[in-house]
Amino acid sequence: MSEASTISQAERDRYRAYDERRRRSLLGVVVPAGVGLTGLAVLVATVTLVVNPRQDASVWVNDAITLVLAGLFLGAGRAVRQGRLTLASTLVAGAGSLGVVATVAIAGLSQGLTPLTLVQVASLTIVVVMVGMLGNLVTILGAAALLNAATLILLLWAPRPPALAGIIQTQLPLLVSVAMTYQWGVAALMVAIWLTYRQTLTALGAAYERAQQLDGLKAQFITHINHELRTPIMTVQGYIEYLRLSHASLPDRELEGVLERASTTADALVTLLNNILDIRRIETNQIGDAQSVRLQAALDGALALVDPRLGGGSVRDLRVTLADGLAVWGDPIAIQQILVNLLSNALKYSPPGTPLEVSASIVEEGVPLRRRPPLQRWRSGAAMTRTFAEIAVRDYGHGIPPDQIPLLFNRFARLPRDLASSVGGSGLGLYLCRVFAQDMGGTIRAESTGTEGEGSTFRLRLPLPPEAARPPATVAAMSAAREQAVAP
Amino acid sequence: LETDEIAATATATSVLLIDDNPDLQDLLSRVLTHLGHFTVMAAADGASGLVQAVTAHPDCIVIDVMMQGLDGYQVVRALRGDPETADIPVVMLTALSQDRFHLAGMLSGADQYLVKPVKPLDLVAAIQQAIAFSPEERARRLRALVADDEAGKL
């Protein structure tokens, strides 16, 4: 049984596409900036070496590293142009890491732990930020660990200038812990941003996907309703024209047959129009006032209205399990209409001869914490529940593919299978059921494995009449209470 | 067109009706038999329609487009691809009203493309017109249509 809509493969792909676009634009800023800065550094180093070639070894190392960094950024730029975003991100992250390692090496080789080195180390946290924006969870944690190691090496083993050696020695635990906390704090922040960003993007992608699906369904529906209307209109018009031209020569029985057919086609046309009009009705909030409605009476009324020609027109075994006198609270016309729609669907989508089942039970539904009155949220003990009558309509037909269940109750929704077939329908019936149920404070949902022959079950939950809504022990006790309440 | 005029021109002409809507099929059978004076055969889907077209070789075929299984376009293309049935006049009768469907219908090889609702006598007239096309004329029309389509005029 499946009901919940999970994130589909298409949604995941869409997330990836969004993320790729984001990374591309980010690299579009970071890479040229890197190329520019390292290019400038290379230029300065070259000029310095030309003016005064007798330089310290550390300066040569520094210049060599700057050259490599420039090369990495140029390579990243090329990769971005070729659309190889992962390679570009790796090159940029590599350049950042090399920067960290180089700083440690140079500091270790030459000046040692001067105040300037300490400031440099602090500024290196930007590598974590950069990696966080380009990479994922693993690269953020990796960059933070690398930075930690570099900082530790510097603080513990780099040569200390004599003037500062004493202070550094006494303050060492504090220095190490502040540096670690700061670096992991930034890393945690980047992880949080990465996670929330991914969640937001996935949710947006899901919403976009669903909106697109609905849009597609709407377009399909319009094509479909066009087809559905044109054929009965042509048939009705055709029968009338045919009668006009040939009524004089037709025998009485033939005439009657033609009129009968024309009339059923016209009826089908009216049903289609009524469904469209019902949508207008609920859009202007014209659902009737709530009252106590006996389920048995509503079901009898609905059965009388179901078109007997649906589903091959064969006689069906209808198994009804309803407690005597069970009643719900709502608009009798809306309840009857929901039942007509559910029963018609059950007939339409199951082969001739298969049984239908209608049953009702009392269910208790926990009220989510956030919907409870504030005081009751904090009371311990009894869980808050609401009591509903649940009416289940089950068929043993084609079933519904589980991934299509979430779309069923949307307006204009029709399964691709039905659109391709001659099974008639406007795609409005279940939408109306959902809106009616919700207007009466109830819910409706579908369950199906999508397996041929196992069919589907539609569960309609409606509130109980106010006088009966005390939590009842059993259905029997419940119906007894109803009988007493109704008896004079 | 008056009914007796039609009677004079269409006697003993056979028409195969391929449509999956039972009500419409009932109406059209009556209309074509009584108003058009055709001999009417009927098929409820594309595949059985194709079989009947090959075995009975009707003088004209009236076919719906949106059907379960083989759709109208596929049936017409199959008819046109078989030398036995390539010359049978075809009238497409469909609810698909957009131009692109009209073009697709004509390109698949139909002689007439009618959008529902169509009045009974208009259908009879369309069938007679389709039958009146000579094979050469039909081929010429199709060539012109393809040329226009490729030139982007449609």
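Residues numbered from 1 in each chain as written. Chains lettered and ligands numbered in written order. Predicted model: local features only at pLDDT ≥ 70, side-chain atom pairs only at ≥ 80, totals over all residues. Heavy atoms only, no water.

*Asks:* Would you mind going over the overall build of chain A in detail, with residue names and values included?
*Replies:* In terms of helices and strands, chain A carries 14 helices and seven strands. Taken over 488 residues, chain A has a buried fraction of 41%. Across chain A, every contact between residues at least 6 apart in sequence was considered, and the portion connecting residues at least 24 apart equals 77%. About 25800 Å² of surface is accessible on chain A, with carbon and sulfur atoms providing 63% of the total. (Helix = DSSP H or I, 4+ residues; strand = E, 2+ residues; numbered from the N terminus. Buried < 20%, exposed > 50% of the residue type's maximum accessible area, 1.4 Å probe, protein only. Contact = heavy atoms within 4.5 Å. Areas by Shrake-Rupley, 256 points an atom, 1.4 Å probe, with all protein chains shown as cover.)

*Asks:* Help me get a handle on the pairing of strand S5 (residues 112-115) of chain B, residues and values and all.
*Replies:* Residue and element names in this part refer to chain B. Bridge count for strand S4 (residues 90-94) against S5 is four bridges, and the pairing is parallel. Bridge pairing links Leu93 to Leu114 in S5. For the segment spanning S4, helix H5 (residues 99-108) and S5, crossover handedness is right-handed. (Pairing = 2+ DSSP bridges. Right-handed = clockwise from strand over helix to strand, strands pointing away.)

*Asks:* Report on the packing of helix H5 (residues 126-134) of chain A against helix H6 (residues 137-157) of chain A, specifying residues and quantitative values.
*Replies:* Residue and element names in this part refer to chain A. Across the interface, H5 lies against H6 with an axial gap of 8 Å and an inter-helix angle of 165°. Between H5 and H6, the interaxial angle falls into the category roughly antiparallel. Crossing geometry of H5 relative to H6 is assigned as right-handed. The segment H5 lies against H6, with Val128, Val131 and Gly132 engaging Thr139, Ile140, Ala143, Ala144 and Leu147. By residue class, the composition of the contact of H5 with H6 is six nonpolar, two polar and no charged. (Axes fitted to C-alpha atoms, helices over the stretch in contact; angles between N-to-C directions. Parallel < 35°, antiparallel > 145°, perpendicular 65-115°, else oblique. Left-handed = near helix turned anticlockwise from the far one by under 90°. Nonpolar A, V, L, I, M, F, W, Y, C, P; charged D, E, K, R; others polar.)

*Asks:* Pulling in residues and values, what's your account of the side chain of Arg80 of chain B?
*Replies:* All names here are of chain B. Within the element layout of this structure, Arg80 appears in helix H4 (residues 72-81). Looking at Arg80, its side chain comes within polar contact range of the main-chain oxygen of Ile88, at 2.8 Å. Once you skip the residues sitting within four places of it in the chain, Arg80 turns out to touch Thr85, Ala86, Asp87, Ile88, Pro89, Val90, Ser108, Gly109, Asp111 and Arg138. (Polar contact = N/O pair within 3.5 Å; in protein donor to acceptor, adjacent residues only side chain to side chain.)

*Asks:* Help me get a handle on the nonpolar core, residues and values and all.
*Replies:* Residues and elements named next belong to chain A. One finds Ile335, Ile338, Leu342, Ile391, Ile444 and Phe458 to be the most contacted residues of the largest nonpolar core, which totals 41 residues. For this core, the secondary structure elements donating two or more residues are helix H9 (295-305), helix H10 (332-348), strand S4 (356-366), strand S5 (385-395), helix H13 (429-439), strand S6 (443-448) and strand S7 (456-463). Once residues within four sequence positions are removed from consideration, Ile391 is found in contact with Leu295, Leu339, Val358, Ser359, Ala360, Phe458, Arg459, Leu460 and Leu462. (Core = buried A, V, L, I, M, F, W, Y, C linked by side-chain atoms within 4.5 Å.)

*Asks:* Account for the interface of chain B and chain A, with residues named and values stated.
*Replies:* Accessible area lost upon the coming together of the parts serves often as the stated size of an interface. Residue-level contacts link 26 residues of chain B with 22 residues of chain A. Both faces considered, chain B and chain A share a buried interface measuring about 2300 Å² in area, 64% of it formed by carbon and sulfur atoms. On the chain B side of the interface with chain A, the three residues burying the most area are Asp23, Leu27 and Arg30 of chain B, jointly 23% of the side's total. On inspection of chain B and its partner chain A, the count reaches three salt bridges. Across the pair Arg261 of chain A and Asp26 of chain B runs a salt bridge whose closest N-O atoms are separated by 3.6 Å. Remark: the boundary between chain B and chain A carries seven residue pairs in polar contact (both at pLDDT 80 or more). For the side of chain B that touches chain A, the elements supplying multiple residues, two or more each, are helix H2 (22-35) and helix H6 (120-132) of chain B. In terms of residue count, the dominant contributor to the side of chain B that touches chain A is H2 of chain B (ten residues). For the side of chain B that touches chain A, the per-class residue count stands at 16 nonpolar, four polar and six charged. (Buried area = accessible area lost by both parts, 1.4 Å probe. Salt bridge = Lys/Arg side-chain N within 4 Å of Asp/Glu carboxyl O.)

*Asks:* Help me get a handle on the packing of H4 of chain B against H5 of chain B, residues and values and all.
*Replies:* Residues and elements named next belong to chain B. Contact geometry for H4 and H5: axes closest at 9 Å, N-to-C directions at 20°. As judged from the angle between their axes, H4 and H5 are roughly parallel. Residue-level inspection shows Tyr73, Val76, Arg77 and Arg80 of H4 in contact with H5, the latter providing Phe101, Ala104, Gly105 and Ser108.

*Asks:* If you had to explain the sheet that holds S5 of chain A to someone new, which residues and values would you point to?
*Replies:* All names here are of chain A. Ordered by their spatial adjacency, five strands build an open sheet running S2-S4-S5-S7-S6, and the pairing between neighbours is mixed. Only two strands of the sheet have a single neighbouring strand rather than two, namely strand S2 (318-321) and S6. If you compare each strand with its neighbour and ignore which way they point, the axes differ by 25° on average. In the sheet, S2 pairs with S4 via four bridges, with the strands oriented parallel. Looking at S4, one finds that Arg319 is bridged to Glu357. Of the strands in this sheet, S4, S5, S6 and S7 touch H10, which is tilted by about 35° from S5.

*Asks:* Residue-level account of the environment of Leu305 of chain A, with values.
*Replies:* Residue and element names in this part refer to chain A. Summarising the element assignment, Leu305 is placed in helix H9. Distance from Leu305 to Ser344, taken between C-alpha atoms, is 9.4 Å for residues 39 residues apart in sequence. Apart from residues lying up to four places away in sequence, Leu305 is in contact with Gln336 and Val340.

*Asks:* Tell me what's going on with unusual backbone geometry, and back it up with residues and numbers.
*Replies:* All names here are of chain B. Backbone torsion omega between Lys116 and Pro117 reads -5°, so that peptide bond is classified as cis. Tracing the backbone through its elements, the reader meets Pro117 in the loop between S5 and H6. Although it is not a glycine, His57 sits at a positive phi angle of roughly 40°. Following the sequence through the fold, His57 ends up in the loop between helix H3 (46-56) and strand S3 (60-63). The class for His57 is partly exposed, based on a relative accessible area of 38%.

*Asks:* Talk me through the confidence of the model for chain B; I want residue IDs and the actual numbers.
*Replies:* For chain B, per-residue confidence averages 86 on the pLDDT scale, and 91% of positions sit at 70 or higher. Both scores are available for the predicted complex, with the pTM at 0.47 and the ipTM at 0.83. (pLDDT = per-residue confidence, 0-100.)

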